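# Examination of the molecular architecture
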Amino acid sequence: SDLVAHFFRRSFNLLKENGYLGFIATNTIYQGDTRSTGLRWICENGGNIFFAKRKVKWPGVAAVVISIIHIKKGKYKGEKILNGTSVKKITAFLLKNGGNNNPRKLAANSNKSFIGTYVCGKGFIFEDCANSNNVDIGAPSSLSEMENLLEKNPHNSEVIYPLIGCNEINEDPCSIKKRFIINFSNFKEDEARDRWPDLMKIVERKVKPQRMKNKRDGRRKKWWQHGETCPGLYNRISGLEKVLVTGTVTTHFGFPFVTSNYVFTHRLVVFPMEDYAWFACLKSQLHLIFIKFSSATFGDNPTYSPSDSFETFPFPKVLEDSRIINKHLSEKVQLENIGKKYYEFQSDLIFK
């Protein structure tokens, strides 16, 4: 939750009954967790929004979008104005219809969307733009150095994986392998040292000094491992040939398929699905509108939060193989065909 929610809550608590407040706020005030901990709480505890402008471009030189909100503590019987129009009510979403509470998470959607690995150390990474002689703390190593290490000890390939993040998805939907990463997973320090000594030396030199300064005790103690190893994600996609992904922050949500053998960064959301029916639903206009409604923005770009945008979205029952009966089977096949056709059309546009 953004700090702006604290100022709204604190000011509301300081008001006497029938008191008023008015703030210029960042536009995150009606989005995601900030809305839930700020305006939603106020509206559920005796506050009434009676005037609001949802999205206002800052008149100065700063490229900022703001919201203007006025609230009364207690019942409000006067005219309510939303974006210059008279309305009967204004919700915590700064909308004229609906409620204040967040959409509920659906049990059917659990364990189907994951945030990728938070690496916490560029020193784990090999990339083609890195200086082959770079020994700086926190700096990636070069691909030529990786090739030398693989030639010297073929067993190093056991813990070197291709790496993919939001930039690769946005710039290169083919996901050509350009970056690689050392991934000791949950191996103990002694075991990693014994089996892959050269790789451990790199991590010890380039990652450990920074990790020793990390505020989290676990990241200091297990400095040779990634900050978040995400076992739930990698166990879930084990055995799959491909998965759907999207960036957590992006102008356009493409939901491309990529092979499952990557380490996915925390800038990606991973969906362990291989069929085009799921792609069709994720790419549908209904879901894209819901993303903008339910998640926060980062600057002017929408974000994708699994807890806000996926786990609360009512997907068609025909997607669940366990629920399919004969009368739904043809619907699943139709959805699969539509998704495949659209995916191929989208791919042709991208590569042309």
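Below is a short write-up of the structure. Treat the numbers as computed from the prediction; the structure is a model and nothing was measured.

Cut-offs applied
Residues numbered from 1 in each chain as written. Predicted model: local features only at pLDDT ≥ 70, side-chain atom pairs only at ≥ 80, totals over all residues. Heavy atoms only, no water. Salt bridge = Lys/Arg side-chain N within 4 Å of Asp/Glu carboxyl O. Helix = DSSP H or I, 4+ residues; strand = E, 2+ residues; numbered from the N terminus. Buried < 20%, exposed > 50% of the residue type's maximum accessible area, 1.4 Å probe, protein only. Pairing = 2+ DSSP bridges. Core = buried A, V, L, I, M, F, W, Y, C linked by side-chain atoms within 4.5 Å. Contact = heavy atoms within 4.5 Å. Axes fitted to C-alpha atoms, helices over the stretch in contact; angles between N-to-C directions.

## Some remarks on the pattern of salt bridges
Taken as a whole, this structure holds 12 salt bridges when the rule is applied. A salt bridge links Lys105 to Glu311, with the nearest nitrogen and oxygen atoms 3.6 Å apart. Of this pair, Lys105 sits in the loop between β5 (85-87) and β6 (114-115) while Glu311 sits in the loop between α13 (306-310) and α14 (326-351), and the two are 206 residues apart along the sequence. Taking relative accessible area as the criterion, Lys105 reaches 56% and is therefore assigned exposed. Across the pair Lys340 and Glu344 runs a salt bridge, and its minimum N-O distance is 2.6 Å. Of the two residues, Lys340 and Glu344 are both situated in helix α14; the distance of four residues between them amounts to about one turn of the helix. Among the residues examined, Lys340 registers a relative accessible area of 36% and is labelled partly exposed. Among the residues examined, Glu344 registers a relative accessible area of 38% and is labelled partly exposed. Here the salt bridges do not stand alone but share partners, grouping Glu158, Glu191 and Arg195 into one network.

## What to know about the pairing of strand β3 (residues 65-73)
Both strand β1 (residues 20-26) and β3 contribute to a ladder of seven bridges, which runs antiparallel. Following the sheet pairing, Leu21 is matched in β3 by Ile71. Pairing of strand β2 (residues 47-57) with β3 involves eight bridges; the strand directions are antiparallel. Looking across to β3, one finds that Ile49 is bridged to Ile71.

## Some details on the nonpolar core
Most often, soluble globular proteins keep nonpolar side chains buried together rather than apart. Counting residues in hydrophobic clusters, the biggest one holds 25 residues, and the most contacted among them are Leu244, Phe255, Phe271, Leu282, Tyr304, Phe310 and Phe315. Counting only elements with at least two residues in this core, the list comes to β14 (268-271), α11 (276-283), α12 (285-294) and α14. Counting residues per element, this core draws most heavily on α11, at seven residues. Ignoring any residue separated from it by four or fewer positions in sequence, one finds Leu244 in contact with Phe255, Pro256, Phe257, Val269, Val270, Phe271, Met273, Trp278, Phe279 and Leu282. By size, the runner-up hydrophobic cluster in this structure holds 24 residues, among which are Ile125, Leu143, Met146 and Phe180.

## Topic: the sheet that holds strand β9 (residues 160-164)
Either a parallel or an antiparallel arrangement is found when strands of a sheet pair, and the pairing is made through backbone hydrogen bonds. Here five strands make up an open sheet; going across it, the order is β8-β7-β10-β9-β13 and the pairing mixed. The outermost strands of the open sheet, each flanked by one partner alone, are β8 (141-142) and β13 (263-264). Relative to β13, β9 runs parallel, the two sharing two bridges. The residue of β13 that forms the bridge with Leu163 is Val263. Against the sheet, helix α7 (residues 197-206) makes contact with β7 (125-127), β8, β9 and β10 (179-182), and its axis sits at roughly 90 degrees relative to β10, the strand it touches most.

## Here's the deal with the side chain of Thr28
In this fold, Thr28 is placed in the loop between β1 and α2 (32-37). Residue classification places Thr28 among the buried residues on the basis of a relative accessible area of 9%. If near-sequence neighbours (up to four positions away) are discounted, Thr28 is found in contact with Asp2, Val4, Thr34, Arg35 and Thr297.

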